[in-house]
Amino acid sequence: MEIRSKVRSILKNLNIKEAPIPVERVANLFSLEVVYYPKFPDSVSGTIIKDEDLHAIGINQNHPEVRQRFTIAHEIGHYIMGHDENKILDDTFDKNTDKEREANKFASELLMPYDLLKSDIEQKAQDIPSLAKKYEVSEQAMSIRLLETSLINSNNLKKPL
Ligand SMILES: [Zn+2]
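Peer 1: Can you walk me through the side chain of Q126 in this structure?
Peer 2: Examined against the element boundaries, Q126 turns out to sit in the loop between α5 (114–123) and α6 (128–135). Take Q126: its relative accessible area is 10%, and that puts it in the buried class. Within the structure, Q126 has its side chain in polar contact with the backbone oxygen of D120 (distance 3.3 Å).

Peer 1: Sorry, what's going on with the environment of E75 here?
Peer 2: Here E75 is to be found in helix α3 (residues 65–80). Separated by 27 residues in the primary sequence, E75 and I48 have C-alpha atoms spaced 6.0 Å apart.

Peer 1: Looking at this structure, how should I read the packing of aromatic side chains?
Peer 2: Aromatic ring pairs are reported here in terms of the distance separating the ring centres and the angle at which the planes meet. One pass over the structure, following the stated rule, counts two aromatic pairs. Ring plane angle 55° and centroid distance 4.8 Å describe the contact between Y37 and F40, whose orientation is recorded as tilted. For Y37, a relative accessible area of 35% translates into the label partly exposed. Residue placement shows R4 over the ring face of Y114; its charged tip is 4.1 Å from the ring centre.

Peer 1: Quick question: what am I supposed to make of the pattern of salt bridges here?
Peer 2: A complete count under the given rule lists eight salt bridges for this structure. Note that E109 and R4 form a salt bridge whose closest N and O atoms lie 3.4 Å from each other. Of this pair, E109 sits in helix α4 (residues 98–111) while R4 sits in helix α1 (residues 3–13), and the two are 105 residues apart along the sequence. Residue E109 is classed as buried on the basis of its relative accessible area, which comes to 5%. For the salt bridge of E122 with K118, the shortest nitrogen-to-oxygen distance reads 3.0 Å. Separated by four residues within a single helix, E122 and K118 lie in helix α5, roughly one turn from each other. A single network of salt bridges, built from pairs that share partners, joins R4, E109, R145 and E148.

Peer 1: Where do I start with the sheet that holds strand β3 (residues 55–60) in this structure?
Peer 2: By way of backbone hydrogen bonds, the strands of a sheet pair with one another, either parallel or antiparallel. The strand order β1-β3-β2-β4 describes an open sheet built from four strands, whose pairing is mixed. One side of each edge strand has no neighbouring strand; the edge strands of this open sheet are β1 (33–37) and β4 (87–90). On average, adjacent strands in this sheet sit at an angle of 15° to one another, irrespective of strand direction. Across five bridges, the pairing between β1 and β3 is parallel. Paired with V35 across the strands is G58, a residue of β3. Across the face of the sheet, α3 comes into contact with β1, β2 (46–50), β3 and β4 while running at roughly 150° to β3.

Peer 1: Looking at this structure, how should I read the coordination of the zinc ion?
Peer 2: For a metal with four donors in a tetrahedral arrangement, the ideal angle between donors is 109.5 degrees, while six donors in an octahedron ideally sit at 90 or 180 degrees. Protein coordination of the zinc ion is provided by H74 (NE2), H78 (NE2), D90 (OD), D90 (OD), E100 (OE) and E100 (OE), with donor distances spanning 2.0 to 2.8 Å. Coordination at the zinc ion is irregular, judged from the six donor atoms that bind it and the angles of 51 to 142° they form at the metal.

Conventions and cut-offs
Residue numbering note: each chain is counted from 1, following its sequence as written. This being a predicted model, a pLDDT of at least 70 is required before a residue's local features are given, and a value of 80 or more before pairs of side-chain atoms are given or counted; all residues contribute to the totals for chains, interfaces and linings. Only heavy atoms go into the side-chain values, all of them from the structure, while hydrogens and water stay out. In this description a helix means any DSSP run of H or I spanning at least four residues, a strand means any run of E spanning at least two, and both kinds are numbered starting from the N terminus. Partly exposed residues are those whose accessible area sits between 20% and 50% of the maximum for their type, while under 20% is buried and over 50% is exposed, using a 1.4 Å probe and protein chains only. Distance and chemistry together define a polar contact, namely a pair of N or O atoms within 3.5 Å, with one atom able to donate a hydrogen and the other to accept it when in protein, and with adjacent residues in sequence counting only for side-chain atoms on both sides. Pairing of aromatic side chains requires ring centres within 6.5 Å, counting the rings of Phe and Tyr and the six-membered ring of Trp. Pairs whose planes differ by under 30 degrees are stacked, by over 60 edge-to-face, and all others tilted. Charge-over-ring contacts are defined here by two conditions on Lys NZ or Arg CZ: a distance within 6 Å of the ring centre and an angle within 35 degrees of the ring normal. Think of a salt bridge as a Lys or Arg side-chain nitrogen and an Asp or Glu carboxyl oxygen that are within 4 Å of each other. Here a strand pair is declared whenever DSSP counts at least two bridges between the two strands. Fitting a line to C-alpha atoms yields each axis, with helices limited to the stretch in contact; the angle taken between N-to-C directions then spans 0 to 180 degrees. Between two residues, a contact is recorded if the distance between any of their heavy atoms is within 4.5 Å. Metal coordination here is assigned from N, O and S atoms located within 2.8 Å of the ion, or within 3.2 Å for Na, K and Ca; omission of water means that sites may look incomplete. Think of it this way: with four donors and all angles in the 85 to 135 degree range, the site is tetrahedral; with four or six donors, opposite ones beyond 155 degrees and the rest between 65 and 115, it is square planar or octahedral; otherwise it is irregular.

Honestly, it's all geometry; don't read function into it.
Dropping the structure here:
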């Protein structure tokens with residue numbers, strides 16, 4: 001399954017036309033309830049649980065909001081990409097497995113959809129901090145996204161002062 005076309009259909013379904021992406025609404029679209037936990041250890045970002053009567057995403061609510069949004073998107077990624085464990089616990093995102101990479105790729109595409117980002121950059125010169133703010137993602141996530149999509153090569157991207 002192609003991640004970009006999957007995200008396009010989600011955005012169309014929810015009639016989302018601009019950033020920030022309401023990531024919890026996307027979770028709800030797939031009948032995933034988002035639960036915020038105050039007591040996860042700091043090393044745990046989130047979890048996704050799928051059993052017979054519970055489909056839920058648990059989020060470490062002590063983490064910064066941009067990180068919580070990325071985690072929700074990452075867990076939706078596990079769900080949509082058909083990673084079939086009943087429970088996945090994300091204690092770090094840099095576990096070097098295909099599934100983690102795939103979930104991160106999905107999260108990046110969902111939070112910073114290619115079409116929206118491209119159009120924002122084409123309309124107006126942007127810098128990374130303002131783009132990150134608009135999309136409600138970390139500046140690091142936005143930098144990675146701009147590099148991986150090659151959008152950073154656009155002449156319209158403002159040079160840092
Ligand atoms: Zn994961």
